[in-house]
Amino acid sequence: MKKFLALILTLAMAMSLAACGGDSGSGDAEEGGTSESGNPVVRIGVFEPQTGDNGAGGKQEILGMQYANYVQPTVTIDGTTYDVKLEIVDNRTTPENGPSAAAELMNRDVSVVLGSYGSGVSSAGGAVFEEAGVPAIGVTCTNPQVTTDCDVYFRICFTDPFQGPALASYAYNTLGVDTAYTLAMLGSDYDQGLVYYFTEAFKALGGTVVSEDFPEGSANFVSYINNAKSAGAGVIFAPVSTNYAQLIIEAAGAQGFEGSLLGSDTWDNNMVVESTVGKNVSVEVTTFYQEGGNADFDAGIKEWMNANPDALTNNGGNDMVSAVTAMGYDAYFTALEALKLAGSTDPAAVLEALPNVSYEGVCGLIEFDEIGDAKRDQAYIKQANTETGAWDFVTVQGVE
Amino acid sequence: MQELFPYLLNGVSVGGQYALIAIGYTLVYGILRLINFAHGDVFMVAGLVMVYATTAMPMYLALPLVIAATVVLGFVIERAAYKPLRTAPRMSLMISAIGVSYLIQNLAFYITGGVPQPVTTPIPWISDDILVLGASTKRVTIVTPILTIALVVLLVYLIQKTKIGMAMRAAARDFETAQLMGVKINSVISMTFVIGSFLAAVGALLYFTNYPSVAITSGAMPGLKAFVAAVFGGIGSIPGAVVGAFVIGLCEEVIKGLGYTTFSDAFTFALLIVVLCVKPTGLFGEKVTDKV
Amino acid sequence: MTRDRKKTIFLAAVLLVILAAGVAVDLALPSYHIAVKVIKKATVYALVAVSMNLLNGFTGLFSLGQAGFMLLGAVAYGVLTIPVADRLSVYQYFDGGLIQFSLPELLGGGTVGTTVGMLLALAVGGILSALVAWLIGLPVLRLRSDYLAIATLGFAEILRAFFQWNALGPITNASNLLRGYPDFQHVTSYFLLAGVLIAVIVLLINSTYGRAFKAIRDDEVAAEAMGINLAKHKRMAFIISSFFAGVGGGMLAMYNGTISSASFKSSMTYEILLIVVIGGIGSISGSVIASFLYIFSSEWLLRGLDSGSFLGINAPGLFKNGFRMAVFSVIIMLIVLFFRRGIMGDKELPDLLGRRPKRRRKEAADK
């Protein structure tokens, strides 16, 4: 009897699998490339984390794309008007989920891919995009390897070899600090890479650096802050994900750390800035975009978010415009430019057209160099206002 | 000494947090011989309930609700996932515990959308910053160990002096004989889970006062470490679990202070393996012989 | 006699069908198709699940160190096969790393050299895992069931900390990704490799050693009384299982295209354990079937549960992120509680055959 039951269970599972398989097959056939409006459809893949450590950041980046899609839902390619459809797939932050999420996008016949927030998963997905010959536009993945080792990957943001030294220069020259303490998570290539470039540059400027790592899942950062204090560090540079950033701010506030906390682009998040409210800390971050940089864009997206409860939740509960959202918005229009230039929805044509794209986005001019990286030599530095819980613009920083 | 003091202070605070979780492990293991893998997740759920409850209602309603919800959760887990397997091999029970842990984490993931939930309204008074001998910290750091020890004294009294305590001791010593003697074994086991969850809830209230957000994985590491503490102190022994927790909390922070931050977690596990191999009964544990 | 023969034929037929399916998938679908990716991952998981089953299901040793051994195998594979020319970019923070050779290139490259080099690297990963298992086993295998579980779990975590340690970076690349190593393009290669390894495990289980393992599982004291050397056999099962876990880790690295030590967490071990439970503790074919069911559903077919619509039902409010895993874990709990024997119990696929003739014979006898 038991065996019979087990067999039935197996059969049921097999049947349900077959049913799902069949369903997805017929779904593809139905769509056939046109939408309700009668226009043909061009699909843009969104390869972003919605869950995991970078889930919050990924969601904000998607918001920018969704808003862009709302502003500009069609594109004219070679005389034909296409409806643009975003195909969003969750890559769950981690590299091991990258390949299947990327393959799922390929399955949905996308012409170009946008994403991802986080470099490790972008590298993992890049291999699949390369096999399929579909171009990808990295939005805020800053590790240089994403584009150097992958022919189809382009990127619209600055890279770590720029961001690290920019922060080092800011700390050494502007803040006048000669000892820095760096803190990175074990096993995170993003954290470790940025710390590496920061350390190299800071030492080259003449400073000393004390580096430490913390294991994944840490919650108590009090001892790390104490280590920074006893090392005599004037800044703590911790390019970690938003969750740990809040924990570090909390610990630094409680321990009365007197120097600055320096963060990278991941820190530019409203949860981070809100966690500084009422604390005696100084938090400075590098980022791609400063709210107020483009008044029309700011006003438009705020209105859209406030009319959209889901969007507001995904943004973390308020209408503050994150830099990654602005970058997502720019990435979408860069993709449209590439489609127009290619004159076709064929991924191969888009790939060929991408290096020649030039687009003036809300975060500045986007043009690609021979590796596929955006030509950017400036980052915005913002400081958290511990009274209002908003970012204050500090300076535009380059590498000196 | 002055340099070491902040680390020790922090170590005591961390140790107190582990202690409250460790008691839950040690009680359950003492009676069921089960590593309750889900205990760390129960702790996490208590944190989540706290986040939601404190934003939705006044503090005097929210705190009892957190404790009640956690106790109910612990009770339900035992009834649904462990009771049906009472006669099954021990491996099945442990797999069920891992399954429950997986289920709780995934449900919490679904509800929170996989994003850490910020603690917007921390419990007043204990979340204030204070200065202790020149080292700044939150008041909860001082409150945690004191409250922990008070609760432990209460618990030891309960176990030594009351009838249900006697039944628990009997069940821990010999399950079947206790049953023959008329001990209602199911209610004793439920009671164990209720006490364990209660302490986990109190632990969560203190723990998440210290930190700005509750993530779905927040319970995993404290849970594992608390278990190590329970083994270190001698599993089944309540004072042992508490001593073990403080030792581990202190060691961990001192190791960080010495600069071996990479291995602060690994150290805890190394300690576990050494204890298991050298003195499996831990500091205060009694020798248990396996019945054939 | 005839029944055994029938079983063999049935098994051969099933294997042939699977192989044919592999070839068909290779011919019909491009290598980036999701089906190809999912089949590859499921094949790797099948191997790892079977290796875990050997330990947990056939020897009765409850070990939770699988992810640690897989990490060892994966890193060994990556370190030994990344082309020398790419090392400078992969080990970008460690000046190209310490190891300046790659097995496929040492063997002269080309199709043959590369393949042999890759297989060799996988084997080295397996042997390293086996060695570490031997070392760990010395103290740990004396422990009772649940202590063994927690001790092996601890070892896996310690191992991970070492692999992420910056001082070992020139070899392991510390926290950074290992990339750029060769991969088998075809599903068939995965099938053949995993198939051969699983076949070896099956042969082992059916040998005298396998019978000794099962005796230990059923009753340690009785097994010892029968003259089975407990320590020796337990150690052997642990080492062999770790060897296959190491090779499986290498294959997982191949599939992934990148290796990050952060992904080999205890949650990976739990996932594999649950696959073993779904398939039936003590059934090889059960583990294989469950791996395919699990990976297919979680990576591909049930994705709709996370993104708004599933089986034509549109409910974005209900089907949001995480619903897939929530449904999954409920199913797993149901299996753990009510179908404790899993899909196959401790039976193998050919055992399903031959039940009916037996019954018929019985009926005939009754008449």
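Provided above is the structure to which this section pertains.
Residues numbered from 1 in each chain as written. Chains lettered and ligands numbered in written order. Predicted model: local features only at pLDDT ≥ 70, side-chain atom pairs only at ≥ 80, totals over all residues.

Engineer: What's the story with the overall build of chain B in this structure? I'm lost.
Structural biologist: Check the secondary structure of chain B and you find 11 helices and four strands. Computed over its C-alpha atoms, the radius of gyration of chain B comes to 19 Å, within 12% of the 19 Å expected for a compact globule of 292 residues. Buried residues in chain B amount to 57% of all 292 residues. Of the contacts made within chain B by residues no fewer than 6 positions apart, 76% connect residues no fewer than 24 positions apart. (Helix = DSSP H or I, 4+ residues; strand = E, 2+ residues; numbered from the N terminus. Rg over C-alpha atoms; globule rule 2.2 N^0.38 Å. Buried ≥ 20, exposed ≤ 12 C-beta atoms within 10 Å, placed from the backbone. Contact = placed C-beta atoms within 7 Å.)

Engineer: When you look at the interface of chain A and chain B in this model, what are you seeing that I'm missing?
Structural biologist: How big an interface is tends to be reported as the loss of accessible area on association of its parts. The interface is formed by 27 residues belonging to chain A together with 29 residues belonging to chain B. A breakdown of the residues in the side of chain A that touches chain B according to their chemical character gives 10 nonpolar, 14 polar and three charged. (Nonpolar A, V, L, I, M, F, W, Y, C, P; charged D, E, K, R; others polar.)

Engineer: Help me understand the interface of chain A and chain C in this model?
Structural biologist: Tallying the contact residues gives 43 residues for chain A and 42 residues for chain C. Listing elements by their share of the side of chain A that touches chain C, those giving two or more residues are α1 (2-31), α3 (98-107), α4 (119-132), α5 (145-148) and α7 (189-205) of chain A. Element by element, the count of residues in the side of chain A that touches chain C is highest for α1(A), at 12 residues.

Engineer: How should I be thinking about the sheet that holds strand β3 (residues 80-90) of chain A in this particular structure?
Structural biologist: Backbone hydrogen bonds are what pair the strands of a sheet, in a parallel or an antiparallel way. All names here are of chain A. If you walk across this open sheet you meet the six strands as β2-β3-β1-β4-β5-β6, and the pairing is mixed. Of all strands in the sheet, those with a lone pairing partner are β2 (74-77) and β6 (153-155), marking the two edges. The average angle at which neighbouring strand axes cross in this sheet is 35°, direction not considered. Bridging between strand β1 (residues 41-48) and β3 involves eight bridges; their strand directions are parallel. Its bridge partner lying in β3, Val 42 is registered against Val 84. Contacting β1, β4 (112-114), β5 (136-138) and β6, α4 runs over the sheet at an angle of about 165° to β5. (Pairing = 2+ DSSP bridges. Axes fitted to C-alpha atoms, helices over the stretch in contact; angles between N-to-C directions.)

Engineer: When you look at the nonpolar core in this model, what are you seeing that I'm missing?
Structural biologist: Most often, soluble globular proteins keep nonpolar side chains buried together rather than apart. Counting 344 residues, the largest nonpolar core has Leu114(A), Ile236(A), Ile248(A), Met327(A) and Ala22(B) as the members making the most contacts within it. Per element, the largest residue contribution to this core is 16 residues, and it comes from helix α2 (residues 34-58) of chain C. Counting contributing residues, this core receives three or more from each of domain 1 (41-158 + 294-368) and domain 2 (161-287 + 380-397) of chain A. For Ile248(A), the contacting residues outside a window of four places in its chain are Leu183(A), Phe221(A), Ala238(A), Val240(A) and Leu261(A). (Core = buried A, V, L, I, M, F, W, Y, C linked by C-beta atoms within 7 Å. Domains from an automatic or database assignment.)

Engineer: Whenever I open this one, unusual backbone geometry confuses me. Can you help?
Structural biologist: Note: most residues except glycine have negative phi, and most peptide bonds are trans. Between Gly115(A) and the following residue, Ser116(A), the backbone shows a cis peptide bond with an omega angle of 10°. At Arg33(B), a residue that is not glycine, the phi angle is positive and equals roughly 55°. The residue Arg33(B) is located in the loop between α1 (5-32) and α2 (39-56) in this model.

Engineer: How should I be thinking about the environment of Gly74(B) in this particular structure?
Structural biologist: Structurally, the position occupied by Gly74(B) is in helix α3 (residues 59-82). Leaving out residues up to four positions away in the same chain, Gly74(B) has contacts with Val42(B), Phe193(B), Val194(B), Gly196(B) and Ser197(B).

Engineer: Could you clarify how one ought to interpret the pairing of β1(A) in this entry?
Structural biologist: The two faces of a sheet get side chains in turn, since along a regular strand they alternate between them. All names here are of chain A. Counting buried residues in β1 gives seven out of eight residues, a clear majority hidden from the surface. When β1 meets β4, the two strands line up parallel, connected through three bridges. Residue pairing across strands places Gly 45 opposite Val 113, the latter belonging to β4.

Engineer: Just to check I follow, could you spell out the packing of helix α6 (residues 110-140) of chain C against helix α12 (residues 230-256) of chain C for this structure?
Structural biologist: All names here are of chain C. Taken N-terminus to C-terminus, the directions of α6 and α12 make an angle of 145°; their axes are 7 Å apart at the nearest point. The handedness of the crossing between α6 and α12 is right-handed. Contact residues: Ala 121, Leu 122, Gly 125, Gly 126, Ile 127, Leu 128, Ser 129, Ala 130, Ala 133, Trp 134 and Gly 137 in α6; Arg 235, Phe 238, Ile 239, Ser 242, Phe 243, Phe 244, Ala 245, Gly 246, Val 247, Gly 249, Gly 250 and Met 251 in α12. (Left-handed = near helix turned anticlockwise from the far one by under 90°.)

Engineer: Can you walk me through helix α13 (residues 266-279) of chain C in this structure?
Structural biologist: Taking 1.5 Å per residue as the helical rise, α13(C) with its 14 residues ought to reach 20 Å, and the 20 Å between its terminal C-alpha atoms agrees with that figure. Of the positions making up α13(C), those classed as buried are Ser266(C), Met268(C), Thr269(C), Tyr270(C), Ile272(C), Leu273(C), Leu274(C), Ile275(C), Val276(C), Val277(C), Ile278(C) and Gly279(C). Check the buried side of α13(C) and you find it contacts α4 (90-112) of chain B together with α2, α3 (66-81), α7 (145-163), α14 (284-301) and α15 (323-338) of chain C. Just downstream of α13(C) lies Gly280(C), where phi reads positive at about 115°. (Expected span 1.5 Å × (residues − 1).)

Engineer: I keep staring at helix α13 (residues 323-342) of chain A and nothing clicks. Help me out?
Structural biologist: One turn of an α-helix holds 3.6 residues; hence residues three or four places apart share an orientation. With 20 residues, α13(A) extends 28 Å from end C-alpha to end C-alpha; this agrees with the ideal 28 Å at 1.5 Å per step. Where burial is concerned, most of α13(A) is hidden: 17 out of the 20 residues are buried.

Engineer: Looking at this structure, I do not really get the sheet that holds strand β14 (residues 379-385) of chain A. What am I missing?
Structural biologist: Residues and elements named next belong to chain A. If you walk across this open sheet you meet the seven strands as β8-β7-β9-β10-β11-β14-β15, and the pairing is mixed. The outermost strands of the open sheet, each flanked by one partner alone, are β8 (208-214) and β15 (390-397). Neighbour-to-neighbour, the strand axes of the sheet open up by a mean angle of 25°, direction not taken into account. Relative to β8, strand β7 (residues 179-185) runs parallel, the two sharing seven bridges. The residue of β8 that forms the bridge with Ala 180 is Val 209. Along the sheet face, α7 touches β7, β8 and β9 (235-237) and points at about 165° away from the line of β7. On top of the sheet, helix α8 (residues 222-230) reaches β7, β8 and β9; it is set at about 170° to β8, its chief contact.

Engineer: Looking at this structure, I do not really get the environment of Asp41(B). What am I missing?
Structural biologist: Residues and elements named next belong to chain B. Counting through the fold element by element, Asp 41 comes out in helix α2. In this structure, the C-alpha to C-alpha distance between Asp 41 and Leu 206, residues 165 residues apart in sequence, is 16 Å. Those residues within four positions of Asp 41 in sequence are excluded, and the remaining contacts are Ser 101, Ile 104, Gln 105 and Gly 219.

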